[in-house]
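# Architecture at a glance
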Amino acid sequence: MTTPEPADPFTPPPGPPSAPASPLAPGVPLAGAGAGPKNLPGAVLAGLGVALVSGLLYGFIAKATDYEITWMAIGIAAAVGVTVGRIGGKHPVLPPVGALLSVLGLFFGQLFGIALYVQEVASISVPTMFTEHFSILLDGWKEAFSFYWALFIVVGAVAGFNITRKFGES
């Protein structure tokens, strides 16, 4: 008489075959995909570039129209926020960075507009104003500063924060 061989403990028990894993539908992202940070340094650098370019545009528009369009603060914040949010993704540090860069773009635009005006009146070039006579440029900015401008700086910061957060989540 022979003894039966012991069953292999690592062999699955017999039963119905398991269903094959369903392939992912095209265009359907995995849960949580895109929710993490994408490129934090790239987002900050791109946001800085957009803030400077939009500030230049703001200064040119202010000089060309001889009028400062205060609502451009929201335009600068939108340009910076969309850029930082899209490139950086959902990262907790990016909304404050977007707000800060929005204010920086607005401030640079105001300084650039003043420098363009000084260039016309005093025949001092814009680069010279930013390098050799920056204190005069800041004094001119301080003279023109008002509660109304402070309000739009706050509006620009809040818009930059919210737009960066919104586009970082999408």
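Everything below is about the structure shown above.
Our subject in this report is the structure included herewith. Note that this is a predicted model, so its numbers are computed, not measured.

Here we take up the overall build of the protein chain. Check the secondary structure of the protein chain and you find 6 helices and 0 strands. In the protein chain, the order of α-helices and β-strands from amino to carboxyl end is α-α-α-α-α-α. Taking all 170 residues of the protein chain together, 30% fall into the buried category. For the protein chain, contacts bridging at least 24 residues in sequence account for 77% of all contacts bridging at least 6.

The first and last C-alpha atoms of helix α3 (residues 94-122) sit 41 Å apart over 29 residues, in line with the 42 Å expected at 1.5 Å per residue. Positive phi appears at Ser-123, one or two residues downstream of α3, with a value of about 55 degrees.

In this section: the side chain of Thr-164. Structurally, Thr-164 can be placed in helix α6 (residues 147-169). On the accessibility criterion, Thr-164 (1% relative accessible area) is buried. Here the side chain of Thr-164 touches Gly-160 through a polar contact of 2.7 Å, landing on its backbone oxygen. Excluding residues that lie within four positions of it along the chain, Thr-164 makes contacts with Gly-81, Val-84, Gly-85, Leu-94, Pro-95 and Gly-98.

The next thing to look at is the environment of Phe-107. Relative to the elements of secondary structure, Phe-107 occurs in helix α3. Sequence spacing of Phe-107 and Gly-55 is 52 residues, and the spatial spacing of their C-alpha atoms is 7.5 Å. Contact partners of Phe-107, with chain neighbours within four places excluded, come to Leu-138 and Trp-141.

Scanning the model with the defined rule gives 9 aromatic pairs in all. With centroids separated by 4.8 Å and ring planes inclined at 85 degrees, the aromatic side chains of Trp-71 and Phe-152 adopt a geometry described as edge-to-face. Remark: Phe-152 occurs in helix α6 and Trp-71 occurs in the loop between α1 (40-65) and α2 (72-88); sequence separation between them is 81 residues. The class for Trp-71 is exposed, based on a relative accessible area of 55%. Given the relative accessible area of 4%, Phe-152 is considered buried.

Here we come to the nonpolar core. One finds Tyr-58, Ile-76, Val-80, Val-84, Leu-101, Leu-106 and Trp-149 to be the most contacted residues of the largest nonpolar core, which totals 15 residues. Among the secondary structure elements, those contributing two or more residues to this core are α1, α2, α3 and α6. With 5 residues, the single largest contributor to this core is α2. Every residue in contact with Ile-76, bar those within four places of it in the chain, is listed here: Ser-54, Tyr-58, Ser-102, Gly-105 and Leu-106. Listed in part, the 9 residues of the second largest apolar core include Leu-116, Val-126, Met-129 and Trp-141.

Rules behind the numbers
- Residues numbered from 1 in each chain as written.
- Predicted model: local features only at pLDDT ≥ 70, side-chain atom pairs only at ≥ 80, totals over all residues.
- Heavy atoms only, no water.
- Helix = DSSP H or I, 4+ residues; strand = E, 2+ residues; numbered from the N terminus.
- Buried < 20%, exposed > 50% of the residue type's maximum accessible area, 1.4 Å probe, protein only.
- Contact = heavy atoms within 4.5 Å.
- Expected span 1.5 Å × (residues − 1).
- Polar contact = N/O pair within 3.5 Å; in protein donor to acceptor, adjacent residues only side chain to side chain.
- Phe/Tyr/Trp six-rings, centres within 6.5 Å; stacked < 30°, edge-to-face > 60°.
- Core = buried A, V, L, I, M, F, W, Y, C linked by side-chain atoms within 4.5 Å.

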